[in-house]
Amino acid sequence: MNYKTFLFNLRNKINFIDRFLIIFLIKRRFLVSNIAWIKLKNNIPIRDRKYEKHLIQDLVIFGKKLGMNKKYITNIFSIIIEDSIFVQKNIKKKFFYNK
C-alpha cells in the first residue's frame, strides 16, 4: 500500500470518529436541555461554576491517565461547557418569552 492510500484510510477513520463525536455532542445537548428545564422549574441558576470546575478537574485526571494533555482537555471541555450554558440560556429565554 502506498502512502497516499494509507493516509486516505487513516483520514477516513478520523472522519468516522469525528462524526461520532458530533453525535455524542448532540446527545449531550439534549441532556443539557433537560437540565435547563429542571433548573427553571426549581429556580436554580444556570451557571454552577463549582460544578464546572470539578467536572474539568475530574476530566483532566481521567485524561492524564490516558496520556492526554491537561491544556487540551481543559480547552475542549471549556468550550463544551460554554455551549451548555448557551443552550440553557436559550431555553430560559424561550420559557420566559412564551409566558
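Just so it is clear, the model here is predicted, and its values are computed rather than measured. Just so you know, the residues in each chain are numbered from 1, in the order the chain's sequence is written. Selection of residues for local features in this predicted model requires a pLDDT of at least 70, selection of side-chain atom pairs for listing and counting requires 80 or more, and totals for whole chains, interfaces and linings are taken over all residues. Water and hydrogen atoms play no part in the side-chain values, which are based on all heavy atoms of the structure.

**Student:** Could you clarify how one ought to interpret the environment of Ile-81 in this entry?
**Tutor:** Note on placement: Ile-81 falls in helix 3 (residues 70–97). You can call Ile-81 buried: its relative accessible area is 6%. The spacing of Ile-81 and Lys-92 is 11 residues in sequence and 16 Å in space, taken between C-alpha atoms. Apart from the residues lying within four places of it in its own chain, the contact partners of Ile-81 are Arg-47, Glu-52, Leu-55 and Ile-56. Strands are runs of DSSP state E lasting at least 2 residues, helices are runs of H or I lasting at least 4, and numbering of each runs from the N terminus. Buried, partly exposed and exposed residues are distinguished by accessible area as a fraction of the type maximum, computed with a 1.4 Å probe on protein chains only: under 20%, between the cut-offs, and over 50%, respectively. The contact definition used throughout considers only heavy atoms, calling two residues in contact when any of these lie within 4.5 Å.

**Student:** What is the right way to read the confidence of the model for the chain from this model?
**Tutor:** The predicted coordinates should not be examined in detail at positions where pLDDT is low. How sure the predictor is of each residue is captured by pLDDT, a score from 0 to 100. Looking at the chain, the pLDDT average stands at 95 and 98% of residues meet or exceed 70. The lowest-confidence element of the chain is helix 3, averaging 94 in pLDDT; the highest-confidence one is helix 2 (residues 49–65), averaging 98.

**Student:** Sorry, what's going on with the packing of helix 1 (residues 3–41) against helix 3 here?
**Tutor:** Two quantities define a packed helix pair, namely the angle between the helix axes and the distance between the axes. Here helix 1 crosses helix 3 at 45°, and the two axes come no closer than 9 Å. The angle between the axes of helix 1 and helix 3 places the two elements in the oblique class. Relative to helix 3, helix 1 is oriented so that their crossing is right-handed. For the pair helix 1 and helix 3, contact is made by Leu-25, Arg-28, Arg-29, Val-32, Ser-33, Ile-35, Ala-36, Trp-37, Lys-39 and Leu-40 and by Ile-80, Asp-83, Ser-84, Phe-86, Val-87, Gln-88, Ile-91, Lys-92, Phe-95 and Phe-96, respectively. Side-chain classes follow a simple rule in which Ala, Val, Leu, Ile, Met, Phe, Trp, Tyr, Cys and Pro form the nonpolar group, Asp, Glu, Lys and Arg form the charged group, and the remainder, Gly included, forms the polar group. By residue class, the composition of the contact of helix 1 with helix 3 is 12 nonpolar, three polar and five charged. With axes taken as lines fitted to C-alpha atoms, and helix axes fitted only over the stretch in contact, angles between N-to-C directions fall between 0 and 180 degrees. Each angle receives one of four descriptions, namely roughly parallel if under 35 degrees, roughly antiparallel if over 145, roughly perpendicular if within 65 to 115, and oblique otherwise. Less than a right angle of anticlockwise turn of the near helix away from the far helix marks a crossing as left-handed, whereas a clockwise turn marks it as right-handed.

**Student:** How should I be thinking about unusual backbone geometry in this particular structure?
**Tutor:** Trans is the prevailing form of peptide bonds, just as negative phi is the prevailing case for residues other than glycine. Positive phi, close to 55°, is recorded for Asn-43, a residue that is not glycine. Along the chain, Asn-43 falls in the loop between helix 1 and helix 2.

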